[in-house]
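# A structural walkthrough
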Amino acid sequence: MDSLLALIGNHLFHLLGLMAVGGALGLIFSKNAIHSVLGFLFCMLCVAGCYLTLSAEFLAVAQLLVYAGGIVVLFLFVVMLVEVTKYKEKGLFQTQAPWAIGMVSVGAVAIISVFWRTFFPADAVKALTLSPELAQGLDVANQNAQAVSRGLFAQFLLPFEILSVILLVALVGAVVLAKSERV
Amino acid sequence: MPSMNAVLFLSFLLFSVGVAGVLIRRNVLIILMCVELMLNAANLNLVAFARHSGTVNGQAFALLVMGLAAAEVAIGLALVVALYRKKDTIQVDQINLLKG
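Residues numbered from 1 in each chain as written. Chains lettered and ligands numbered in written order. Predicted model: local features only at pLDDT ≥ 70, side-chain atom pairs only at ≥ 80, totals over all residues. Heavy atoms only, no water.

This part is about unusual backbone geometry. Positive phi, normally seen in glycine, also occurs at serine 55 of chain A, with a value near 55°. On the secondary structure map, serine 55 of chain A appears in the loop between helix 2 (33-53) and helix 3 (57-81). Positive phi values are uncommon outside glycine, yet aspartate 88 of chain B reaches one of about 65°. Judged by its relative accessible area of 39%, aspartate 88 of chain B falls in the partly exposed class. (Helix = DSSP H or I, 4+ residues; strand = E, 2+ residues; numbered from the N terminus. Buried < 20%, exposed > 50% of the residue type's maximum accessible area, 1.4 Å probe, protein only.)

It is at 11 Å that the axes of helix 3 of chain A and helix 3 (residues 57-87) of chain B come closest, and there the two elements cross at 5°. Here helix 3 of chain A is positioned roughly parallel relative to helix 3 of chain B, judged by the angle of their axes. Where helix 3 of chain A abuts helix 3 of chain B, its residues Phe58, Leu59, Ala62, Gln63, Val66, Tyr67, Ile71, Leu74, Phe75, Val78 and Leu81 of chain A lie against Gln59, Ala62, Leu63, Met66, Ala69, Ala70, Val73, Ala74, Leu77, Val80, Val81 and Tyr84 of chain B. Residue composition of the contact of helix 3 of chain A with helix 3 of chain B, by class: 21 nonpolar, two polar and no charged. (Axes fitted to C-alpha atoms, helices over the stretch in contact; angles between N-to-C directions. Parallel < 35°, antiparallel > 145°, perpendicular 65-115°, else oblique. Contact = heavy atoms within 4.5 Å. Nonpolar A, V, L, I, M, F, W, Y, C, P; charged D, E, K, R; others polar.)

So, about the confidence of the model for chain B. When pLDDT is averaged along chain B, the result is 89; 99% of the residues meet or exceed 70. Both confidence scores are given for the complex: pTM 0.88, ipTM 0.93. (pLDDT = per-residue confidence, 0-100.)

Once that is clear, we can look at the side chain of serine 36 of chain A. Note on placement: serine 36 of chain A falls in helix 2. Within the local environment of serine 36 of chain A, its side chain forms a polar contact with the side chain of serine 30 of chain A, the two groups lying 2.8 Å apart. Sequence-distant contacts of serine 36 of chain A, that is, excluding residues within four places in its chain, are made with Gly26, Leu27 and Ser30 of chain A together with Ile30 and Met33 of chain B. (Polar contact = N/O pair within 3.5 Å; in protein donor to acceptor, adjacent residues only side chain to side chain.)

This part covers a nonpolar patch on the surface. On the surface, a nonpolar cluster with roughly 360 Å² of combined accessible area is contributed by Leu158, Ile162 and Ile166 of chain A together with Leu68 of chain B. For the nonpolar patch, the element with the highest residue contribution is helix 6 (residues 157-178) of chain A, accounting for three residues. Inspection of the secondary structure assignment puts leucine 68 of chain B in helix 3. Overall, leucine 68 of chain B belongs to the partly exposed group, its relative accessible area being 42%. (Patch = residues over 30% accessible without salt bridge, like charges linked within 9 Å, V, L, I, M, F, W, Y side chains within 5 Å. Areas by Shrake-Rupley, 256 points an atom, 1.4 Å probe, with all protein chains shown as cover. Salt bridge = Lys/Arg side-chain N within 4 Å of Asp/Glu carboxyl O.)

What follows concerns the nonpolar core. Phe40 and Phe75 of chain A together with Leu14, Leu29 and Leu44 of chain B are the most contacted members of the largest nonpolar core, which totals 70 residues. Elements represented by at least two residues in this core include exactly helix 1 (2-29), helix 2, helix 3, helix 4 (97-115) and helix 5 (144-155) of chain A together with helix 1 (4-24), helix 2 (28-53) and helix 3 of chain B. In contact with leucine 44 of chain B, not counting residues within four places along its chain, are Val47, Cys50, Tyr51 and Leu54 of chain A together with Val7, Leu10, Ser11 and Leu14 of chain B. (Core = buried A, V, L, I, M, F, W, Y, C linked by side-chain atoms within 4.5 Å.)

This part is about the interface of chain A and chain B. With 88 residues of chain A at the contact, the number on the chain B side is 73 residues. The junction of chain A with chain B conceals about 7200 Å² of combined surface from both sides, 74% of it contributed by carbon and sulfur atoms. Taken together, the links from chain A to chain B amount to zero salt bridges. Only helix 1, helix 2, helix 3, helix 4, helix 5 and helix 6 of chain A provide two or more residues apiece to the side of chain A that touches chain B. Looking at the side of chain A that touches chain B, the element that brings in the most residues is helix 1 of chain A, giving 13 residues. Residue classes in the side of chain A that touches chain B are distributed as 63 nonpolar, 20 polar and five charged. (Buried area = accessible area lost by both parts, 1.4 Å probe.)

Have a look at this one:
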């Protein structure tokens, strides 16, 4: 399985990347908001596949759970809640859309033309390691979840706890913002 | 294992599409989704550089970014619902309550 993934991982990444960009384009160009959400879902699934080919397995599963399981459902709820079809005749795009597309393409070409000269060498990717005192007794190159958890709970403990507080505040804030005022 | 350049290029493309979506669409929900897309592109970059440096820090940080994105979506959608109650629209060019 590992050798198979190593063999086709490169092509798989290119395929999934193309599909992700296709999903993103479907997201921004589709007329119906539901179709946009579906394009977003497709894009997130493809990015999760890209994480798998980059051998970040834990992150891929977290992406599936958080995005496909949580965020897309939330978006679908809100799209159903607000009646988007009522405003269909008002036009999808801003009046400055051609200018915006032009500026983004000019910026893209500029960045690519700079980026084109600074290639990373083909052996620029390495096996995953931890600092020696964290990696005791672990075969970290093969066990992504263990390595990520060691990194998260040893080196990133304070940001992790701050993030949990932020999530709690966001939870309460979302309830306060979205509840109707009469209650 | 995909090369570093391929990952960076994909992340760049996704980020550009996200920026274009934020700039051209009128629907607040789609703008929020494009912001999520940009956060995902940044995550892809973090994972790529975690592979490049050989350490796990980038992946741990990408996980933190993912949690933050979830919080941001919850708040953003609550704001959209509150705004829809108040103003009865979610088109950004009609949300001009501050104009006086």
